[in-house]
Amino acid sequence: MTPSTKVLDEGWAWVIVVASFMAQLLAYGSPQSVGVLYPEWLHAFQEGKGMTAWVGSLVAGVGLIASPICSACVDNFGARPVTIFSGVMVAGGLMLSAFAPNVQFLIFSYGIVVGLGCGLVYAATLTITCQYFDKRRGLALGIVTTGTSVGAFIYATAQNELIVMYGLDGCLLIIGAVALNLMACAGFMRPLNMPGYYLKQKAALERNTEEQLFEKAPLDDLKITAGSTATTPEKTLMVKELLITIDTKELAIQTEKKKGSFLSGLGIMKVMKKKQQAYFKYMHSMYEILQDQSMVAFCIAVFLFSLGAFPPVLFIEDVAQSQGLVEEVSIIPLVSIGAIATCVGKLVLGILVDFKWINGIYLYAFTMFAEGVSLLLIPLTKNYMGLQILSVVLGFFSGNWSLTSYITTKIVGLDRLTQAHGILMFFGGFGIMLGPPVVGWFFDWTQSYDLAFYFSGSCVLLGAVILSVLTLPCWNRKHSANDRPDVHYTSNCEKVASVA
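Going along each chain's sequence as written, the residues are numbered from 1 onward. Under the rules for a predicted model, residues below a pLDDT of 70 receive no local features and side-chain atom pairs below 80 are neither given nor counted, while totals for whole chains, interfaces and linings still include all residues. Heavy atoms from the whole structure form the basis of all side-chain values; hydrogens and water molecules are not counted.

Describe the overall build of the protein chain, listing the residues and the values that go with them.
Counting its regular elements, the protein chain contains 21 helices and 0 strands. With a 1.4 Å probe rolled over the protein chains alone, any residue whose accessible area is under 20% of its type maximum counts as buried; one over 50% counts as exposed, and the rest are partly exposed. Relative to its 500 residues, the protein chain shows a buried fraction of 54%. Taking all contacts inside the protein chain whose residues are at least 6 apart in sequence as the whole, residues at least 24 apart take part in 83%. Under the convention used here, a 1.4 Å probe and the Shrake-Rupley method define accessible areas, while residue burial counts only the protein chains that appear. Here the protein chain displays about 22,200 Å² of accessible surface, and carbon together with sulfur accounts for 67% of that area. Runs of H or I in DSSP of at least four residues are treated as helices and runs of E of at least two as strands, each being numbered from the N terminus. Contact criterion: two residues are considered in contact whenever any of their non-hydrogen atoms come within 4.5 Å of each other.

See below:
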């Protein structure tokens, strides 16, 4: 099922952008502004800062670590069913958190359940946006991904007011009910490409016909816009398509069972062998990606950046309160200020990286350096105005998250973007999960945030140095980013399902 070029970049495509933008706003609004809830949880459960920080770190990191699984769900079932299911998960997790008796329960209900729901929303919205856009895909993805920042800006203030009016439990119940609107957003996500699950159902219906599936040239029937390059079928088939083809042949083998159990057994063994070969090719491809020195450097840099740059989102309000700079959360919290700055940063950095004379990797390294210096200045700031300024700087340079797909494409090419971006998100999610608990443990140990933010700033600066040094042209890498031809985007969504 190949989408017509008439529907790309116009008409209903922009409805998809609005629906995806609202979906990310509704899903990520509370997790991205969890710093407002963090002091309330500390006061309510009287646990250590390190233990309580696991709630905020998991809700941000679980979805990233599980991004390959989330992308597989979207590939097999489509964006609309996955978004509906994620709406139930996000809303259910938020409402369940209102009845949490302790932090351990919150780690499950808010950290894991809501985090996985957000990961599903992220994969579904980006995939459906890629399907509907070709020439303006970068602009569309930029608009969609700013939904997380706009949601953080709105929810930080809204949650603060709801806590004052209805308490922490009432706040979580209300925002959980609002999150149910994710299912309404899913209604607009009309699919263009047939998901793998429906392809298998189609094959199951055809197995009752007189023609044998082995005689039907299954590649022509099962191919999902495999690209416009004139290559051999083995190179054109994506791994997911290969596995679907194998599963379809397996259905055909089941119909042959009546002809002889011995032949059927041989056929099943043949199918298992082909599946094993397909998975081996997939793992070998991931191994080849990690052989690229630039890719390894980028993974390390993203891990160290996530380890050091995410904690301010969670701890910045508690820093102001613990130092006596403000008695309670202000009308416009620091989290909201940082969120709107991140939104601006995503757009500005996304525009800058399109200039040919700007190297995307070095631009990312510069943002890391600026972020690290800002983190080192937090312990030296002794007034609330200074924290507001630093929140703007930290938020702006945190917008470099929008550069990850661009840099990944330049390093490994478009054909391996999905796999490489999944690896990159795993490193980023792992860093986000570890960062806040480590900062919290530093506070529990020293009763001060100073050493914690010195540690965070040093990690980010170290990542900037590693990325800058290991990507220098003098390394004579086999596959240099500068030697790669310009990327020509096509309407093949499977190759860009995990971008931005």
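That was the structure; now back to the text.
Residues and numbers for the nonpolar core, please.
By nonpolar core we mean a set of buried residues, namely Ala, Val, Leu, Ile, Met, Phe, Trp, Tyr and Cys, connected to one another through side-chain atoms within 4.5 Å. Among the nonpolar cores identified, the biggest contains 120 residues, and Tyr110, Phe315, Tyr364 and Leu467 are the most heavily contacted of them. Among the elements that line this core, the one with the most residues is helix 6 (residues 103-132), at 16 residues. Sequence-distant contacts of Tyr110, that is, excluding residues within four places in its chain, are made with Ser30, Pro31, Val34, Leu37, Trp41, Val55, Val59, Leu94, Ser97, Gly115 and Leu172.

Which residues make up the packing of helix 4 (residues 67-77) against helix 6, and what values go with them?
For any two helices packed against each other, the geometry is given by the interaxial angle and the distance between the axes. Fitted lines through C-alpha atoms serve as axes, helices being fitted only where they are in contact, and the angles separating the N-to-C directions of these axes extend from 0 to 180 degrees. Their axes nearest at 9 Å, the elements helix 4 and helix 6 cross at an angle of 50°. It follows that helix 4 is oblique to helix 6 by the angle criterion. By crossing handedness, the relation of helix 4 to helix 6 is classed as right-handed. The segment helix 4 lies against helix 6, with Cys70, Ser71, Cys73 and Val74 engaging Gly119, Leu120, Ala123, Ala124 and Thr127. Throughout this description, any angle smaller than 35 degrees is read as roughly parallel, any larger than 145 degrees as roughly antiparallel, any in the 65 to 115 degree range as roughly perpendicular, and the remainder as oblique. Helix crossings fall into two classes, left-handed where the near helix is turned counterclockwise from the far one by less than a right angle and right-handed where it is turned clockwise.

Tell me about empty space enclosed by the protein, residues and numbers included.
Residues are said to line a cavity or pocket when one of their atoms sits within 4 Å of a point; the points come from a 1 Å grid over protein atoms alone, cavities being sets where a 1.4 Å probe fits but cannot get out and pockets being open sets with protein on both sides within 12 Å along at least five of seven lines. Grid points are joined across faces, edges and corners, and a volume is the space filled by probe spheres set on the points. Summed over the entire model, instances satisfying the criterion amount to 3 cavities of 30 Å³ or more. Approximately 810 Å³ is the volume attributed to the largest cavity. Taken together, 38 residues make up the lining of the largest cavity; nearest its centre are Gln32, Phe310, Val313, Thr342 and Ser398. Among the elements of the structure, helix 1 (12-32), helix 3 (49-65), helix 6, helix 7 (137-179), helix 14 (293-309), helix 15 (311-322), helix 16 (334-352) and helix 18 (384-397) are those that each provide at least two residues to the lining of the largest cavity. A per-element tally of the lining of the largest cavity places helix 16 first, with 6 residues. Its residues placed into classes, the lining of the largest cavity shows 21 nonpolar, 15 polar and 2 charged. Under the scheme applied here, ten amino acids are nonpolar (Ala, Val, Leu, Ile, Met, Phe, Trp, Tyr, Cys and Pro), four are charged (Asp, Glu, Lys and Arg), and all others, including Gly, are polar.

Explain the environment of Ser336 to me, using residue names and the numbers behind them.
Examined against the element boundaries, Ser336 turns out to sit in helix 16. Distance in space between the C-alpha atoms of Ser336 and Ala152 is 6.3 Å, their sequence separation being 184 residues. Among all residues touching Ser336, those that are not within four sequence positions of it are Ala152, Phe153, Ala156 and Thr157.

Residues and numbers for the environment of Val348, please.
Considering the arrangement of structural elements, one finds Val348 in helix 16. Judged by its relative accessible area of 32%, Val348 falls in the partly exposed class.

Any details on the environment of Phe443? Residues and values, ideally.
Turning to its location among the elements, Phe443 is positioned in helix 20 (residues 417-446). When the C-alpha atoms of Phe443 and Gly50 are compared, they prove to be 7.9 Å apart, with 393 residues separating the residues in sequence. Setting aside chain neighbours within four positions, we find Phe443 in contact with Lys49, Ser448 and Tyr449.

Tell me about a nonpolar patch on the surface, residues and numbers included.
Grouping into patches uses exposed residues only, defined as over 30% relative accessible area, and leaves out salt-bridged ones; the cut-off is 9 Å for like charges and 5 Å for nonpolar side chains (Val, Leu, Ile, Met, Phe, Trp, Tyr). Whenever a carboxyl oxygen of Asp or Glu lies within 4 Å of a side-chain nitrogen of Lys or Arg, that contact is scored as a salt bridge. A contiguous nonpolar patch, built from Phe369, Val373, Leu377, Leu380, Trp445, Leu451 and Tyr454 and spanning about 710 Å² of accessible area, is present on the exposed surface. For the nonpolar patch, the secondary structure elements donating two or more residues are helix 17 (360-377) and helix 21 (450-470). Top contributing element to the nonpolar patch by residue count: helix 17, with 3 residues. By the secondary structure assignment, Val373 is in helix 17. Here Val373 falls in the partly exposed class, since its relative accessible area comes to 34%.

Just give me the short version of the side chain of Ser86, but keep the residues and values in it.
Note that Ser86 resides in helix 5 (residues 79-97). According to the relative accessible area criterion, Ser86 is buried, its value standing at 0%. Excluding anything up to four places from it in sequence, Ser86 contacts Gly117, Leu120, Val121 and Leu182.

Residue-level account of the confidence of the model for the protein chain, with values.
pLDDT gives the predictor's per-residue confidence on a scale running from 0 to 100. Confidence in the prediction of the protein chain, expressed as mean pLDDT, is 76, and 72% of residues score 70 or more. Of the regions scoring below 50 in pLDDT, residues 477-500 engages in 75 contacts with residues more than four places distant in sequence or in other chains.

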